[in-house]
Amino acid sequence: MKNKIYIFTLLLMVLSLKAQVIGTLEQLEECTNRPNHDEEGCPDLENITYVKDTNNRLDQFVGIWKGSFGGKQYEVHFEKKLQYGEEDIKWDRIFGRMIIKDSNGNIIYNSLQKTLSDTGLLRGGNFQGSVYVLDFIANIYCNDSGAIFIEVSKNNPNQMYMLFDRDQKTYNPDKCPNFTTYVTVIPRNNKITLTRQ
């Protein structure tokens, strides 16, 4: 009998070491807003292995959204992935694929067929208040990368705003000789209004 209790106790200890420690998107957002975050990080959240969308805040973005800006048509497909990641911490995230056409209907950018491991997707991070932040890389050599901010309208859940903030990194002149005339895939610092389809 003592052997069974010992084995059972040992098994529980092993399972508890591998147990998933769940944190929330809200907890991680609060962590990044702490005044001492850069120096101390968030020691109270170090054991988290899964950042969960417990309040389903990401669901508001899921679907197909369309809009136009500067003579171009934008169609963005947002999907929610649960427990995504290859790191020690898994996250619930939003991913976006898009197709952009010029005023004549010619495709100038298309990531609809890309997989989650490909570049060119919108890759979700976390919230900043009511705004969700995603990373985007279209052309790293021409510094066509940065953060995408999306927010669903407070007055209309079928309307979303999207804004691109370009990275301030250097470009590679050998691989982007036309940098001075290069036009980013998504217009910089202009709010695009998208409508749920």
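Just above sits the structure.
Per chain, residues are indexed from 1 in the order of the written sequence. Reporting in this predicted model follows two pLDDT cut-offs: at least 70 for local features of residues, and 80 or more for side-chain atom pairs to be given and counted; totals over whole chains, interfaces and linings ignore these cut-offs and use all residues. Excluded from the side-chain calculations are hydrogens and water; all other atoms, namely the structure's heavy atoms, are used.

Novice: For this particular structure, what's the right way to read the environment of C42?
Specialist: Numbering of helices and strands runs from the N terminus, with a helix taken as a DSSP run of H or I at least four residues long and a strand as a DSSP run of E at least two residues long. Summarising the element assignment, C42 is placed in the loop between α3 (37–40) and β2 (50–52). Each residue's exposure class comes from its accessible area (1.4 Å probe, protein chains only) as a fraction of the maximum for that residue type: buried when under 20%, exposed when over 50%, partly exposed otherwise. Among the residues examined, C42 registers a relative accessible area of 9% and is labelled buried. Taking the C-alpha atoms as reference points, C42 and E75, 33 residues apart in sequence, are found 37 Å from one another. Whether two residues are in contact is decided by their heavy atoms, any of which lying within 4.5 Å being enough. If we ignore the near neighbours within four places in the chain, the residues touching C42 are C31, R34 and H37.

Novice: Would you explain the pattern of salt bridges in this entry?
Specialist: Working definition: two side chains of opposite charge can pair if their charged atoms are close together. Here, a salt bridge means any side-chain nitrogen of Lys or Arg that lies within 4 Å of a carboxyl oxygen of Asp or Glu. Under the definition given, this model contains eleven salt bridges. Between E26 and R57 there is a salt bridge, with its nearest N and O atoms 3.5 Å apart. Placement of E26 in helix α2 (residues 25–32) and of R57 in the loop between β2 and β3 (63–69) is noted, with a sequence separation of 31 residues between them. Across the salt bridge formed by K154 and E151, the nearest N and O atoms sit 3.0 Å from each other.

Novice: Please clarify how α2 should be interpreted in this entry.
Specialist: In an α-helix, one turn spans 3.6 residues; hence positions three or four apart end up facing the same way. Residues L25, L28, E29 and C31 constitute the buried set of α2. The buried residues of α2 occupy one face: seen down the axis, they fall within an arc of 155°. Buried residues in α2 make contact with β1 (22–24), α3, β2, β5 (90–101) and β7 (122–128). What the arc describes is the spread of directions from the helix axis to the C-beta atoms.

Novice: In this structure, what is going on with the pairing of strand β10 (residues 159–166)? I would like to understand it.
Specialist: On a regular strand, one side chain projects to one face of the sheet and the next to the other, so that they alternate. Here β10 shows a clear split, with M160, M162, F164 and R166 buried on one side and none of Q159, Y161, L163 and D165 buried on the other. Paired strands, as defined in this entry, are two strands with at least two bridges between them according to DSSP. Relative to β10, strand β9 (residues 144–152) runs antiparallel, the two sharing seven bridges. Bridge pairing links E151 to Y161 in β10. The sheet contact formed by β10 and strand β11 (residues 192–196) spans four bridges and is antiparallel. Pairing of Y161 across the sheet is with T193, part of β11.

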